[in-house]
Amino acid sequence: KKFITIGSEVNLTPKSSISELMDSIKYMHNNFETKTNHFSALHIHIGLDDHVLNDLALLKKLVGYTFNCDAYLADQLVVTPPASTEAEQKWATQLGKWRKKTYAMTYKKRIMEADTVEGMGNAFQPVVKGKRLTHLVSRTDMNCRSIWDRGTIEFRFFSGTDNFDEYEALLNWCAKFVDN
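These notes cover the structure that comes with them. All values derive from a computational prediction rather than experimental measurement.

The rules behind each value
Residues numbered from 1 in each chain as written. Predicted model: local features only at pLDDT ≥ 70, side-chain atom pairs only at ≥ 80, totals over all residues. Heavy atoms only, no water. Helix = DSSP H or I, 4+ residues; strand = E, 2+ residues; numbered from the N terminus. Buried < 20%, exposed > 50% of the residue type's maximum accessible area, 1.4 Å probe, protein only. Pairing = 2+ DSSP bridges. Contact = heavy atoms within 4.5 Å. Axes fitted to C-alpha atoms, helices over the stretch in contact; angles between N-to-C directions. Salt bridge = Lys/Arg side-chain N within 4 Å of Asp/Glu carboxyl O.

## Details of unusual backbone geometry
- Positive phi is not limited to glycine here, since Lys-129 has a value of about 55°.
- With respect to the helices and strands, the residue Lys-129 is situated in the loop between strand 2 (127-128) and strand 3 (131-132).
- Classification of Lys-129 by relative accessible area gives exposed; the value is 85%.

Given below as structure tokens:
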């Protein structure tokens, strides 16, 4: 029998530095048969320190900053590679429909008006019967919902890449965005 994975996502164990993460990426790429889907978004999660995760003012500053520039950054950073087949063109068209640059102003306002850290998370994704309803609102290319799911901001702007220098530059850009 042959077992074939049609499509999957690789999630690496979080590391304490970008150089450690790059070592893991290079190891995986060099030791396993991998193929990058250049039409699929590269998801980069940058972890937030506990003092940020528990400080309403800092969270509002960070989330407000992402709200102020998410649509602009999506216009500047989202690059879909040119399709060379009809199937790739269909996939690229579908990606364009799925991608969400920004949230509605009323949604953003509700989040920013929350008066507790938990209230902000519930404004992003309500909790009903102990379960967070993640399906109600789709993620944007700069996903702050993951603050309450994973303690990270998720960047979904970038296409998949096999270029290690490009990968490292993207990781550094995302880390600097969060640090500033």
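Picking up after the structure, the text goes on.
## Side note on the sheet that holds strand 4 (residues 142-143)
- The three strands lie next to each other as 1-5-4, forming an open sheet whose pairing is antiparallel. Pairing within the sheet leaves two strands with one partner each, and these edge strands are strand 1 (41-47) and strand 4.
- Note: strand 1 against strand 5 (residues 152-159), six bridges, orientation antiparallel. Bridge assignment links Gly-47 to a residue of strand 5, and that residue is Thr-152.
- In the packing of helix 3 (residues 56-77) onto the sheet, the strands contacted are strand 4 and strand 5, and the crossing angle to strand 5 comes to about 10°.
- This element, helix 8 (residues 164-179), spans strand 1, strand 4 and strand 5 of the sheet and lies at about 45° to strand 1.

## Side note on the side chain of Thr-66
- Positionally, Thr-66 belongs in helix 3.
- Thr-66 has contacts with Met-142, Cys-144, Ile-153 and Phe-177, leaving out every residue within four places of it along the chain.

## Observations concerning the environment of Cys-144
- If you trace the backbone, Cys-144 turns up in the loop between strand 4 and helix 7 (146-150).
- On the basis of relative accessibility, which here comes to 1%, the residue Cys-144 falls in the buried class.
- When sequence neighbours within four positions are dropped, the list of residues in contact with Cys-144 reads Val-63, Thr-66, Phe-124 and Ile-153.

## Re the pattern of salt bridges
- Considering all chains together, one arrives at three salt bridges under this definition.
- For the salt bridge of Asp-70 with Lys-108, the shortest nitrogen-to-oxygen distance reads 3.8 Å. In this pair, Asp-70 is assigned in helix 3 and Lys-108 in helix 5 (residues 105-112), connecting sequence segments 38 residues apart. In this pair, the class of Asp-70 matches that of Lys-108, namely buried.
- Among the salt bridges present, the one from Lys-109 reaches Glu-113, with a minimum N-O distance of 3.2 Å. Like Glu-113, Lys-109 is exposed.

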